Amino acid sequence: MRVAMYKVGIVGGTGYTGVELLRLLTRHPDVSLEVITSRGNAGTAVADMFPSLRGRLDLRFSEPDRDTLAACDLVFFATPNGTAMKLVPDLLASNTRVIDLGADFRLKDLSVWSDWYKLEHACPEWVEQAVYGLPELNRAAIAEARLVANPGCYPTAVILGYLPLLESQLIDPEHLIADAKSGVSGAGRQPQQHTLLCEANDNFKAYGASGHRHLPEIKQGLSQIAGGEVGLVFVPHLVPMTRGMQATVYGRLRTSDTDLQALYERRYADEPFVDVMPAGSHPETRTVRGTNMCRVGVHRQPGSDTAIVLSVIDNLDKGAASQAVQNMNLMLGLPETAGLDDIAVLP
Ligand SMILES: NC(=O)C1=CN([C@@H]2O[C@H](COP(=O)(O)OP(=O)(O)OC[C@H]3O[C@@H](n4cnc5c(N)ncnc54)[C@H](OP(=O)(O)O)[C@@H]3O)[C@@H](O)[C@H]2O)C=CC1
Ligand SMILES: CC(=O)N[C@@H](CCC(=O)OP(=O)(O)O)C(=O)O
């Protein structure tokens, strides 16, 4: 039996990504969950709020406290944007590693970040040192990082969809189109009118078509792969399901004779969490529900010069919490797949 070695904490344990982290970390073989914060529920037993954890986790929510958190080897922030940046410098100074599930450290250009997030950054000096936590792109840097910026859900699905095509320079990087759909849990647990059952159920709509805050994040990731600026149109949509996300990405091919299926199979052959489906497949969100898997399907229509890639993830998992655990495994030198062997529940 392996002994739990690393102490971890979560700031913001009552949101959807927080409770997903709780589920994953409670049964992770190599970590011990020491701290879970909630200002509004300090003192409440975690299992009283989340009965799914009854008998599995004996811990109470506490107020965020610097010293308690600094006693952890690694702390996750599952908090609204603009929260982590206020506590991160103190934790890093105490040699505690940090993974921020929010967007405080994702964008390297701080003026772009301020424009989209309407905030002034509290620790700009750490932004440059933060590593963007997409293992398929930055695995070696994540393993050395003290601060990881966990990617947003849409950026994860879109970047993994485009990665082999852009890396091999097979498509025109100036004319990329990503059309994406998310389940409602992507909007978080805070009550909002548009996430009410009567508003979201039996309904379908686009939003952010004139610009969404994930646009600069996706462009930054795609530019890193392409080795230069990219042109991207990105339109997100809300679908009436709880979890799941599909990004359908399009790229104008520069040559017509490439075997796209073979390209994707080759690029992702050694990736434990990207599954290239057989040629002609249409991956479904339910096949990745509650897992860290991204499933992709690669298509080209007869006579067309456009590659179409379908990329599905669970927005709360590969799009947030389980990707954070994958990053934690890399940062702590643990097996990358530890605690991440879930199989989706069907139907
Ligand atoms: N939902 C999704 O699919 C995805 C979400 N994310 C990101 O993950 C983060 C969390 O999202 P989600 O779980 O939906 O969040 P919620 O907004 O539902 O939950 C926020 C949590 O943070 C705590 N919190 C709020 N303000 C503060 C503060 N100032 N200091 C300390 N704790 C605070 C809250 O507890 P309390 O107020 O009681 O302290 C609560 O536990 C966000 O940045 C989000 O953008 C990323 C990818 C996907
Ligand atoms: C369906 C839905 O509302 N999704 C959220 C994105 C998910 C998310 O929280 O991403 P960040 O971590 O970057 O904030 C949105 O469009 O705002």
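The rules behind each value
- Residue positions are given per chain, counted from 1 along the sequence in the order it is written.
- Chain letters start at A and ligand numbers start at 1, both assigned in the order the entries are written.
- In keeping with the model being predicted, local features are shown solely for residues with a pLDDT of at least 70 and side-chain atom pairs are shown and tallied solely at 80 or more, while totals for entire chains, interfaces and linings include all residues.
- UniProt positions are given in the numbering used here, feature names are shortened, and annotations may be inferred rather than shown by experiment.
- Here, a strand pair is defined by DSSP locating no fewer than two bridges between the strands.
- Numbered from the N terminus, helices here are DSSP runs of H or I no shorter than four residues, and strands are runs of E no shorter than two.
- It is the C-beta atoms, placed from the backbone, that decide contacts: two residues are in contact if theirs lie within 7 Å.
- Axis definition: a line fitted to C-alpha atoms, limited for helices to the stretch in contact. Angles are taken between N-to-C directions and run from 0 to 180 degrees.
- Whether a residue is near a molecule or strand depends on its C-beta atom, placed from the backbone, lying within 6 Å of it.
- Residues were grouped as follows: Ala, Val, Leu, Ile, Met, Phe, Trp, Tyr, Cys and Pro as nonpolar; Asp, Glu, Lys and Arg as charged; and all remaining residues, including Gly, as polar.
- Each domain's extent is set by a domain assignment, obtained either automatically or from a database.
- Any angle that falls under 35 degrees is termed roughly parallel, while one over 145 is termed roughly antiparallel, one within 65 to 115 roughly perpendicular, and all others oblique.
- Left-handed is the label given to a crossing in which the near helix is rotated counterclockwise from the far helix by less than a right angle, and right-handed is the label when the rotation is clockwise.

- As named in an unreviewed UniProt entry, the protein is N-acetyl-gamma-glutamyl-phosphate reductase, taken from Alkalilimnicola ehrlichii.
- Under Pathway (unreviewed entry), UniProt gives the following word-for-word description of the protein: "Amino-acid biosynthesis; L-arginine biosynthesis; N(2)-acetyl-L-ornithine from L-glutamate: step 3/4."
- The UniProt entry for the protein carries the following comment under Catalytic activity (unreviewed entry): "N-acetyl-L-glutamate 5-semialdehyde + phosphate + NADP(+) = N-acetyl-L-glutamyl 5-phosphate + NADPH + H(+)".

## Points about the sheet that holds strand β4 (residues 74-77)
Alright, step 1. Strand order in the open sheet made by the 7 strands is β3-β2-β1-β4-β5-β7-β6, with parallel pairing throughout. For this open sheet the edge positions go to β3 (61-62) and β6 (131-132), each flanked by a neighbour on one side alone.
Alright, step 2. One ladder, built from 2 bridges, connects β6 with strand β7 (residues 147-149); its direction is parallel. Each residue of the ladder has a partner; that of V131, found in β7, is V148.
Alright, step 3. Of the strands in this sheet, β1 (6-11), β2 (31-37) and β4 touch helix α1 (residues 16-26), which is tilted by about 155° from β2.
Alright, step 4. Lying on the sheet, helix α12 (residues 321-331) is in contact with β4, β5 (97-100) and β7; it crosses β5 at an angle near 160°.

## Describing the site of ligand 2
Alright, step 1. Neighbouring ligand 2 are G102, A103, G152, C153, S182, G186, A187, H214, P236 and L238.
Alright, step 2. Tallied by class, the residues present in the shell around ligand 2 amount to 5 nonpolar, 5 polar and no charged.

## Quick word on the domain arrangement of the protein
Alright, step 1. The domains assigned to the protein are domain 1 (6-150 + 320-331) and domain 2 (153-313).
Alright, step 2. The straight-line distance from the C-alpha centre of domain 1 to that of domain 2 is 25 Å.
Alright, step 3. Classifying every residue of the side of domain 1 that touches domain 2 by side-chain character gives 9 nonpolar, 4 polar and 3 charged.

## Re the packing of helix α8 (residues 153-167) against helix α10 (residues 214-226)
Alright, step 1. Packing of α8 against α10 leaves a shortest axis separation of 9 Å and a crossing angle of 25°. With respect to α10, the axis of α8 lies roughly parallel. Like other packed secondary-structure pairs, α8 and α10 cross with a definite hand, here right-handed. Facing Y154, P155, V158, I159, Y162, L163, L166 and E167 of α8, the residues of α10 in contact are H214, E217, I218, G221, L222, I225 and A226.
Alright, step 2. For the contact of α8 with α10, the residue count by class is 11 nonpolar, 2 polar and 2 charged.

## A few points about the pairing of strand β11 (residues 245-252)
Alright, step 1. Judged from the 6 bridges that link them, strand β8 (residues 176-182) and β11 form a sheet pairing that is antiparallel. Looking at the pairing, A180 lines up with A247 of β11.
Alright, step 2. By the bridge criterion, 8 bridges tie β11 to strand β14 (residues 306-313) in an arrangement that is antiparallel. By the bridge assignment, G251 is partnered in β14 with A307.

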